[in-house]
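# Per-entry structural report
Listed below, chain by chain, are the residues.
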Amino acid sequence: MTEHSNGGRTAIVVGGGLAGMLAVTALLGQVETVTVVERDRYPEGRGFRKGVPQARHLHVLLSGGRHALEELLPGTVAALGEAGARGLYLSRDLLTRTPTGWQRRFDERRHLTLSVTRPVLDAVVRERVLGAAAGSATRVEVLEATEVTGLTGDASRVTGVRVRPRDGAPGARSERELPAVLVVDASGRGSRTPQWLAALGRTVPHEETVDAGIAYATRMYRPKDPATAPDAGINVPGWPECPRGAVYVPVEDGKWLLTMSGVRGHHPPTDAAEFTAFSATIGDPYIHELLDRAEPLSPVHGFRDTRNRRRHFERPGALPDGLLVLGDAACTFNPVYGQGMSVAALGALAVRRTLTDGGGLRYGITAEAQRAVARAAEPAWLAAVGADRPYASTGDTKAGLGERLSTWYLDRLFARAAIDPVVGAAFRDVFNLTAPPTRLVAPRIFLRTVFLPRRPGLPGPPAAIEAV
Ligand SMILES: Cc1cc2nc3c(=O)[nH]c(=O)nc-3n(C[C@H](O)[C@H](O)[C@H](O)COP(=O)(O)OP(=O)(O)OC[C@H]3O[C@@H](n4cnc5c(N)ncnc54)[C@H](O)[C@@H]3O)c2cc1C
């Protein structure tokens, strides 16, 4: 990669959502200017916007993502706390019903996850990114209400993007080119990078999908009497015999979000009365009972495209120089595992480290950075597709022997984790993306998982917190 007269030292980030904003932090000090091109106009305050439709649904930031976010943007976790984000220690503050009974409530305090509505999270991150940029050598500008429509360059190098304003008089909406030395696609699950690459004459990168066919429906509530609200969130995931689940968690301002989900044939309804009725059909009645003590604050919002999908941009020769793909644009996950935002943060951190350790922007560095992004997503991918395989549709990528074995093993491990603090701690480390999956097959964990008998969990939601 060389500086070129038009692109100078400008990087363009496509999409000013979470991954896009975190990409900016990775580029501070590396280029003179970062131009973020965002299709939406940001709302006044901390409101919902059209470009991130999933923002209506429950979003938990796992502790692995929380660490990455804090490393990228120090002070952000405290700022989220000030904005009302609730910290939930696992397993103490999230009561979980497993197929074998309720999980014991260990006071482990190793994994603090954050529960907050997505508009608040995105706004706090955006404010802090722009604040960090103001104190850096890099100028950051955001082109709101502007859509990227394609890439410029050729099959070997991307030299910028084509953009089109989304509002203004029709005559003012003509396309123009923005040159750049680096383009980062962070445009989310609807990314058009494969089509844009094809238009440059490149082969479209290999894509894998595993689709459990899950649909989401979410509604916001406020407990009628905060004194009788539960002292923890509640998680009743689906399992093969009852593939309907729900998570009910506190967010900012005394509000609670209830997200329900179900695989094909079990999709949660978006009609308010039917939604409430559906909550009685999940694997445990506790959440349904709690709804009697809460008033709804919103309509029910649905969401359907929840497949796991990764595009192998990291494979040799998959991308032209000067292009990087981050966040959901590279890899999306079944959201029930709560991994996407964490993977976006881990990916941005991987880019920053690659640029810092690799001597900054130079020819070949985007390929290295893309490999680091893919490595950062791998543990989450293995966990999500391992768990989803039993529900996957026939057209999906087939599971190999290794993946089938890991599905069997994870099933046993999940049951054990509900009652065993040692196995539970390993399970939480991996599912929070703070330890590699190999932690689940460490000798001590393997022996306890395979040889100790399967025992049921607790018969009801535990009130008692157990010291470990
Ligand atoms: C229902 C649901 C629930 C989820 N729950 C969780 C959870 O609990 N925990 C978790 O970690 N993750 C969760 N996720 C995943 C999480 O939402 C994503 O991983 C995360 O939003 C990815 O960030 P992103 O910036 O890549 O994409 P987005 O947040 O989708 O942002 C993309 C941005 O790009 C803009 N854009 C798109 N196209 C263009 C264009 N052509 N030009 C300019 N701008 C463009 C959009 O307007 C948007 O601002 C959930 C996802 C879903 C669907």
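Nothing here was measured: the structure is a model prediction, and the numbers come from that model.

Along the chain, R92 falls in the loop between β4 (86-90) and β5 (94-98). The class of R92 is buried, set by a relative accessible area of 17%. What R92 contacts, discounting residues up to four positions off in sequence, is R105, F106, D107, R109, A232 and I465.

In space, the 3 strands of this open sheet follow the order β14-β21-β23, with antiparallel pairing throughout. The open sheet terminates on both sides in strands that have one partner only, identified here as β14 (207-210) and β23 (331-332). On the sheet, helix α9 (residues 365-388) packs against β14, β21 (308-311) and β23 and is oriented at approximately 140° with respect to β21.

On to helix α8 (residues 340-357). Its 18 residues place the ends of α8 25 Å apart at the C-alpha level, agreeing with the 26 Å of an ideal helix rising 1.5 Å per residue. Here α8 lies mainly inside the structure; 13 of its 18 residues are buried. Looking at the residues trailing α8, positive phi occurs at G359, about 85°.

Another point: the UniProt feature "domain: FAD-binding" (unreviewed entry) in the protein. UniProt tags residues 11-350 as "domain: FAD-binding" (unreviewed entry). Secondary structure within residues 11-350 divides into 22% helix and 31% strand; the distance between the first and last C-alpha atoms comes to 17 Å.

Parameters at a glance
Residues numbered from 1 in each chain as written. Predicted model: local features only at pLDDT ≥ 70, side-chain atom pairs only at ≥ 80, totals over all residues. Heavy atoms only, no water. Helix = DSSP H or I, 4+ residues; strand = E, 2+ residues; numbered from the N terminus. Buried < 20%, exposed > 50% of the residue type's maximum accessible area, 1.4 Å probe, protein only. Contact = heavy atoms within 4.5 Å. Pairing = 2+ DSSP bridges. Axes fitted to C-alpha atoms, helices over the stretch in contact; angles between N-to-C directions. Expected span 1.5 Å × (residues − 1). UniProt positions renumbered as here; feature names shortened; annotations may be inferred.

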